[in-house]
Amino acid sequence: MTPLGLRLRDGIARTGPIPVAEFMAAANGDPEHGYYARRDPLGGAGDFITAPEISQVFGELIGAWCAVAWRGMGAPGRVLLVELGPGRGTLMADMLRATRRVAGFREALDIRLVETSPALARLQKEALGGVAAAWHGGLSEVPDGPLLVVANEFFDALPVEQYVARRDGWHRRAVAADTDGFRFVDGPRVGDPPACGPAVDGEIRETSPRSIAIAREIAGRLAAGRGAALIVDYGYAAPATGETLQAVARHRYTDPLAAPGEADLSAHVDFSALARAARAAGARCHGPVTQGEFLQRLGIGVRMDRLIAAAAPAQRETIRAARRRLTGEPAMGRLFKALALTDPGAPVPAGFEGAGE
């Protein structure tokens with residue numbers, strides 16, 4: 001059993017089973033033994049690959065999106081560019097490179113990265129190569145001002161509560177410990193979880209109070225000032241049932257309870273819940289749209305064609321494969337969604353024309 005697993009098992013032995021969200025929060029975020037505390041999880045040598053690692057074009061297009069949003073704000077002389085969960089810093093570096101010729105934009109940027117992993121923060125500093133930036137443990141630490149927020153594959157790693165339907169009602173799902181590992185059990189009976197209707201015995205539904213709180217925090221800041229936020233992640237556009245909690249290690253799915261702290265735990269994002277929370281806090285919501293549709297509207301085809309034309313023959317298929325992976329329906333193009341939040345007076349963001357609110 002992992003060091004974190006031993007500690008969790010001892011705690012469960014003293015106080016009883018813990019909610020799924022508590023187990024997930026510890027597995028990903030424990031400051032000593034959590035998954036993100038000690039490692040670089042990204043890339044071929046890591047456990048998974050995100051869109052910025054697949055192609056530089058992803059970050060370039062997100063950078064262009066931010067520059068257009070900045071102009072829609074009236075091109076303020078100072079704007080906070082905040083990335084939540086910046087990974088290796090690849091996305092931010094690509095965004096900055098792609099916008100270096102946008103008149104006034106780079107000079108206006110006050111770059112803030114929200115990161116809790118010391119290991120990843122070190123990589124981000126290296127990726128930015130001396131660009132002035134500040135790091136924070138949470139959005140609440142970022143000062144006030146016009147705001148641009150980017151969150152790519154951030155919300156999926158936030159803890160989810162699970163509820164299981166039984167004949168006597170809904171129960172909060174929990175994690176119990178045995179001498180050789182962990183298992184799911186039914187916890188106490190609770191009232192109906194959010195967005196629940198009739199259910200069959202054994203049906204599981206998930207919510208993420210932490211995700212909703214962060215969406216509300218972003219929206220509140222946008223509503224009180226000026227700005228826009230872009231959320232890109234995998235998940236569903238409308239409330240859905242079923243268990244989506246999963247673990248990935250070395251590019252393979254594994255048992256989420258098997259080795260806490262040694263695998264990335266994540267769950268599909270409920271974009272409808274984020275949008276409801278954001279609207280309630282006063283922001284406008286645009287989308288969600290699929291990642292494939294979003295990137296096509298931003299011009300990924302034109303940009304990729306230019307790269308292919310300039311590339312050596314051996315590189316051309318690599319570029320085409322990256323485009324298929326980012327936009328294709330069997331890959332990330334359909335499962336991943338994009339949602340934009342803006343202040344009430346902002347224009348419709350790029351990539352969301354006709355997407356609805």
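Residues numbered from 1 in each chain as written. Predicted model: local features only at pLDDT ≥ 70, side-chain atom pairs only at ≥ 80, totals over all residues. Heavy atoms only, no water.

## A look at helix α4 (residues 56–72)
Helix length check: α4, at 17 residues, gives a terminal C-alpha distance of 25 Å against a target of 24 Å (1.5 Å per residue), a fit within 8%. Listed in full, the buried residues belonging to α4 are V57, F58, G59, E60, L61, I62, G63, W65, C66, A67, A69 and W70. N-capping of α4 is provided by S55, with a side-chain oxygen placed 3.1 Å from the backbone N of V57. Positive phi shows up at G74, right after α4, with a value of about 95°. (Helix = DSSP H or I, 4+ residues; strand = E, 2+ residues; numbered from the N terminus. Expected span 1.5 Å × (residues − 1). Buried < 20%, exposed > 50% of the residue type's maximum accessible area, 1.4 Å probe, protein only. Polar contact = N/O pair within 3.5 Å; in protein donor to acceptor, adjacent residues only side chain to side chain.)

## Considering unusual backbone geometry
G287 connects to P288 through a cis peptide bond whose omega is 10°. Tracing the backbone shows P288 in strand β15 (residues 284–290). The phi torsion at A75 lies on the positive side, around 50°, for a residue other than glycine. Relative to the assigned elements, A75 resides in the loop between α4 and β2 (79–84).

## As for the layout of surface pockets
Its boundaries defined by the atoms lining it, the second largest pocket holds a volume of some 290 Å³. Looking at the second largest pocket, it is lined by 23 residues, and the ones nearest its centre are E206, T207, Y236, D270 and A273. Contributions of two or more residues to the lining of the second largest pocket are made by β9 (204–207), α8 (209–224), β14 (269–270) and α9 (271–280). Tallied by class, residues from the lining of the second largest pocket come to 13 nonpolar, 5 polar and 5 charged. (1 Å grid on protein atoms, 1.4 Å probe; cavity = no way out; pocket = protein on both sides within 12 Å on 5 of 7 lines; lining within 4 Å. Points joined across faces, edges and corners; volume = space filled by probe spheres on them. Nonpolar A, V, L, I, M, F, W, Y, C, P; charged D, E, K, R; others polar.)

## As for the pattern of salt bridges
Within this structure, the stated rule accounts for 20 salt bridges. The shortest N-O distance in the salt bridge between R303 and E60 comes to 2.8 Å. Of this pair, R303 sits in helix α11 (residues 300–310) while E60 sits in helix α4, and the two are 243 residues apart along the sequence. The class of E60 is buried, set by a relative accessible area of 10%. (Salt bridge = Lys/Arg side-chain N within 4 Å of Asp/Glu carboxyl O.)

## Brief notes about the packing of α4 against helix α10 (residues 291–298)
Where α4 contacts α10, the two axes come as close as 10 Å, and the packing angle between them is 70°. In terms of axis orientation, α4 runs roughly perpendicular to α10. Seen from above, α4 lies across α10 with left-handed handedness. Taking contact as the criterion, the partners of F58, L61, I62 and W65 in α4 are, on α10, Q291, F294, L295 and L298. (Axes fitted to C-alpha atoms, helices over the stretch in contact; angles between N-to-C directions. Parallel < 35°, antiparallel > 145°, perpendicular 65-115°, else oblique. Left-handed = near helix turned anticlockwise from the far one by under 90°. Contact = heavy atoms within 4.5 Å.)

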